[in-house]
Amino acid sequence: MKVFIKKFQVDMEVKSSGIEFEIRSPDGKEQKGDCYITKTALVWCKGRTEKQNGVNILWEDFMEIMKSKDTKKAALKAAKSI
């Protein structure tokens, strides 16, 4: 994947509005979506979805999923079965 920072300032605390990352296919042609990192959550917006319509996950929940390879694997398996 190619990941682009849309807005960037150095030595800056992440605030409520967060930082936006644009995610593109490896060849850079297809926009896969945007990922927003805020002080309270991560927000995934597939394609050209607006931030307010994205799917968010609180940092606490993200950390719980990512605490081990097994919990990450179980979360991915559950997500792919939907």
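In the block above lies the structure referred to throughout.
Attention here is on the structure that accompanies the text.

### Description of the pattern of salt bridges
Scanning all chains against the criterion turns up 3 salt bridges. When the shortest N-O distance is used, the salt bridge between E22 and R24 registers 2.7 Å. For the salt bridge of E64 with K67, the shortest nitrogen-to-oxygen distance reads 2.7 Å. Judged by relative accessible area, E64 falls into the partly exposed class, the value being 45%. Assessed through its relative accessible area of 55%, K67 is described here as exposed.

### Considering the state of the cysteines
Counted according to the given criterion, the structure contains 0 disulfides. C45 provides the cysteine sulfur closest to C35, a residue in no disulfide bond, and the two sulfurs are 8.4 Å apart.

Criteria and cut-off values
Residues numbered from 1 in each chain as written. Predicted model: local features only at pLDDT ≥ 70, side-chain atom pairs only at ≥ 80, totals over all residues. Heavy atoms only, no water. Salt bridge = Lys/Arg side-chain N within 4 Å of Asp/Glu carboxyl O. Buried < 20%, exposed > 50% of the residue type's maximum accessible area, 1.4 Å probe, protein only. Disulfide = S-S within 2.5 Å.

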